[in-house]
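# Per-entry structural report
Now for the letters of each chain:
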Amino acid sequence: MCGIAGYTGKSVEGVLCKMSALLAHRGPDATGYDNTKDIHLVHRRLKVIDLESGMQPMKTTDKQLIVIFNGEIYNHRELRSELESKGHKFQTDHSDTEVLLHGYKEWGESLPERLNGMWAFCIYDKERERLFLSRDRFGQKPLFYTQTREGLVFASELTAVAAHPAVSTNISTNSLQKYFAYGFIPHPHTIYEGVFKLAGGFNLTFDLVSSKLSTKRYWSYEIEPDYSLLKSNQHDLAEELLSLLSQATKRRLESDVDLGILLSGGIDSSAIAALASKHADTVSTFSIGFDRESYDESPYSTRVAELIKSKHYLNTVTIDKTFESLPYVLSQLDEPQGDDSLLPTYLVCKTARESVTVALGGDGGDELFSGYEPFKFWRWARRYNIYLPKQIHTGVNFLTSHIPASNNYMSLSLKLKRFFHASGLKMEVWIPALMSPLRIKDIIDLLGEDTDIDSIYSEAIESWNNCKSKWVGDKITQYYVDYYLQDDILAKTDRASMMNSLELRSPFLDIDLANFARKLPHQLRIKGGTTKYLLKKALEPLLPRDILYRGKQGFSPPTGDWFANGSLAANSIDNGIINMNTAKHLLSEHKNGKNDNRLFLWNQLALDYFLQRGNK
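This section reports on the structure supplied with the text.

Cut-offs used in this document
- Residues numbered from 1 in each chain as written.
- Predicted model: local features only at pLDDT ≥ 70, side-chain atom pairs only at ≥ 80, totals over all residues.
- Heavy atoms only, no water.
- Pairing = 2+ DSSP bridges.
- Helix = DSSP H or I, 4+ residues; strand = E, 2+ residues; numbered from the N terminus.
- Right-handed = clockwise from strand over helix to strand, strands pointing away.
- Expected span 1.5 Å × (residues − 1).
- Bend = angle between axes of the 7 residues up to and from the residue.
- Buried < 20%, exposed > 50% of the residue type's maximum accessible area, 1.4 Å probe, protein only.
- Contact = heavy atoms within 4.5 Å.
- Arc of directions from axis to C-beta.
- Axes fitted to C-alpha atoms, helices over the stretch in contact; angles between N-to-C directions.
- Core = buried A, V, L, I, M, F, W, Y, C linked by side-chain atoms within 4.5 Å.
- Disulfide = S-S within 2.5 Å.

Moving on to the pairing of strand S13 (residues 259–262). The pairing of S13 with strand S16 (residues 358–360) spans three bridges and is parallel. From the neighbouring strand, leucine 259 faces S16, where its bridge partner is valine 358. Pairing between S13 and strand S14 (residues 284–290): two bridges, direction parallel. Across the sheet, the residue bridging to leucine 262 is phenylalanine 286, located in S14. Since S13 and S14 lie parallel, the crossover through helix H7 (residues 267–279) that links them has a hand, and here it is right-handed.

In this model, helix H20 (residues 472–498) (27 residues) spans 36 Å end to end at C-alpha, consistent with the 39 Å of a helix rising 1.5 Å per residue. In the structure, H20 departs most strongly from a straight axis at leucine 485, where the bend amounts to approximately 55°. Counting buried residues in H20 gives 27 out of 27 residues, a clear majority hidden from the surface.

Turning next to the side chain of threonine 36. Inspection of the secondary structure puts threonine 36 in strand S2 (residues 30–36). Residues in contact with threonine 36, not counting those within four places in the same chain, are Ile66, Tyr124 and Lys126.

A separate point is helix H8 (residues 298–308). Think of an α-helix as turning once every 3.6 residues; residues three or four places apart then point the same way. Listing the buried residues of H8 in full gives Ser298, Ser301, Val304, Ala305 and Ile308. The arc enclosing the buried residues of H8, seen along the axis, measures out at 125°, which places them on a common side. Every exposed residue of H8 that faces more than 90 degrees away from the buried side is listed here: Pro299 and Glu306. Where H8 is buried, its residues touch H7, S14, strand S15 (311–317) and helix H24 (545–548). Positioned one or two residues after H8, lysine 309 has a phi angle of 60°, which is positive.

Let us now look at the sheet that holds strand S11 (residues 202–207). A sheet is described by the order of its strands in space; here six strands give the open sequence S4-S5-S6-S7-S11-S12, paired in antiparallel fashion. Every interior strand has two partners, whereas the edge strands, strand S4 (58–59) and strand S12 (213–217), have only one. Pairing between S11 and S12: five bridges, direction antiparallel. The residue bridging phenylalanine 202 from the neighbouring strand is arginine 217, located in S12. Those strands touched by helix H3 (residues 96–107) are S4, strand S5 (65–73), strand S6 (117–125) and strand S7 (130–135), and its axis lies near 125° from that of S5.

In this section: the pairing of S14. The buried fraction of S14 is high, at seven of seven residues. Every second residue of S14 is oriented toward a common face, with Ser284, Phe286, Ile288 and Phe290 on one face and Thr285, Ser287 and Gly289 on the other, all of them buried. Strand direction decides the pairing type here: S14 and S15, joined by seven bridges, are parallel. In the sheet register, threonine 285 faces S15, and the bridge partner there is histidine 312. Read from S14 through H8 to S15, the crossover connection turns out right-handed.

Judged by nonpolar contacts, the single largest core of 160 residues is most densely connected at Met19, Phe121 and Phe138. Looking at this core, the element that brings in the most residues is H20, giving 11 residues. When near neighbours in sequence (up to four residues on either side) are disregarded, methionine 19 contacts Ala5, Gly6, Tyr7, Val42, Val153, Phe154, Ala160, Ala163 and His164. Grouped together as the second largest cluster of nonpolar side chains are 19 residues, Ile39, Ala120, Leu133 and Leu198 included.

Another aspect to go through is the state of the cysteines. Taken as a whole, this structure holds zero disulfides when the rule is applied. Left without a disulfide partner, cysteine 2 is nearest to the cysteine sulfur of cysteine 122, which lies 14 Å away. Cysteine 2 gets classed as buried once you look at its relative accessible area, which sits at 7%. Not part of a disulfide, cysteine 349 finds its nearest cysteine sulfur in cysteine 2, a span of 17 Å. You can call cysteine 349 buried: its relative accessible area is 0%.

Have a look at this one:
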């Protein structure tokens with residue numbers, strides 16, 4: 001794993017070095033620069049594949065193409081063989097980076113369509129006088145960009161883009177509204193006006209002569225249910241699914257450095273660990289445990305580790321110890337993120353990095369195979385919305401508002417309040433509203449800017465409308481994949497792993513497996529209240545039932561308690577952006593047990609840390 005950055009136009013003294021320094025955690029093993037005319041590129045390397053000859057920036061022998069690359073291409077050996085059969089001569093032993101150079105030379109801008117992996121790369125094409133940038137299908141590897149008067153600026157992290165003096169760092173009010181509505185800033189927006197995320201499945205070209213910038217989608221996750229599969233033998237389908245997941249896991253075990261598995265004890269990570277043990281002589285697994293039972297999954301991860309006979313590393317931490325890491329983690333974010341599971345994710349990555357450089361995880365399983373709880377009860381939300389008058393909605397919200405709050409993980413009071421509030425809105429925004437840190441009214445009060453539900457949730461509405469399937473469950477899946485997976489889950493795991501210089505790979509996001517998942521009818525993803533139905537059937541020969549069919553448990557710290565007892569000092573800083581009276585009211589509600597506002601308070605805290613970092 002690596003970090004990349006660059007800009008076009010006249011050279012600005014010290015900027016490339018500053019960009020490099022800001023990305024050092026992404027690639028601590030080596031640094032490479034290239035300044036060609038008005039092109040300035042830097043690469044930070046974490047050595048994983050072809051340790052000796054994989055240095056970047058990498059050039060073709062005729063010096064016509066230069067590449068900087070962050071990620072891994074899992075089918076690079078197959079592509080290399082194909083390219084060699086077409087006459088391409090490789091200089092490295094087995095570098096996947098060089099495959100990008102020859103692949104671009106052979107296939108041009110259609111190259112990303114042939115790749116199976118995770119990536120963000122930039123190729124400088126001297127002959128055509130342009131830059132070609134690409135981001136992997138699901139957006140596992142980050143890529144930010146902006147166009148200034150001088151040209152294009154891009155990087156793996158937002159802080160490195162902002163290091164260029166021509167880049168404006170004005171805070172976007174629209175992005176803040178969306179941040180407090182979603183709990184993350186959805187692509188293509190960033191917290192800065194005029195700076196964007198290149199979305200997963202997109203390419204970007206920048207013409208150096210005309211300064212024309214264009215983006216083009218080369219892939220999207222399109223749910224196209226094949227209902228003929230309902231007539232197929234489910235045992236055969238389950239076997240096919242298990243084979244695809246096994247193949248995806250095997251592909252991601254290639255490494256020239258030590259590798260392990262992040263094992264939470266949930267279905268997805270347990271499946272990856274069990275399959276990895278089938279393909280490797282020895283497997284190392286890494287987990288963390290908490291000293292508070294409702295947050296602790298370590299008994300399950302330990303059980304799986306014993307089952308597959310892995311070399312297991314369990315780091316049991318006290319809640320206080322977890323709390324100690326919080327200032328560092330939040331201060332390192334390049335953009336505020338509202339997912340408090342960032343903290344335990346950072347800790348398990350830190351535990352793993354003490355022994356390995358690469359790890360596999362279970363990201364993507366819940367999104368592709370409908371593993372979240374809302375998939376069980378969206379029908380009730382739809383009926384509530386359609387058949388009950390709005391006056392009843394108002395009365396129900398009033399009644400639930402008087403249920404005392406609880407700081408336990410996903411308490412009943414929190415679920416009820418969120419369910420009835422979100423279910424009173426149109427279904428297109430039901431999922432993001434269900435998960436939202438704040439209601440629309442509070443966002444308007446907090447930021448002092450008017451907005452409406454269509455504007456603030458425009459991405460979710462677009463995702464809903466673009467889903468070809470008419471089934472509501474498929475439309476919900478589409479949102480989870482399009483936005484929640486990319487801008488929350490993958491952004492969180494990328495930052496948490498990279499803070500520790502750990503490369504994290506996701507077998508569930510293998511393109512062959514994803515193409516299988518998107519064609520499954522909803523009846524094979526959810527059946528009789530069982531989420532991930534076909535996946536669980538596929539894993540029955542691999543994992544015990546008490547692992548497969550236990551209730552889903554999240555990976556979050558007790559932030560509700562921390563805010564309630566004052567351990568986390570919310571509202572301690574007037575950042576000049578939010579209305580402090582509104583913020584203090586929401587904190588008071590939380591402390592008094594009237595409402596569980598932990599999501600908002602965490603979002604506010606993450607924003608404060610980001611703003612403090614930007615002012616240093």
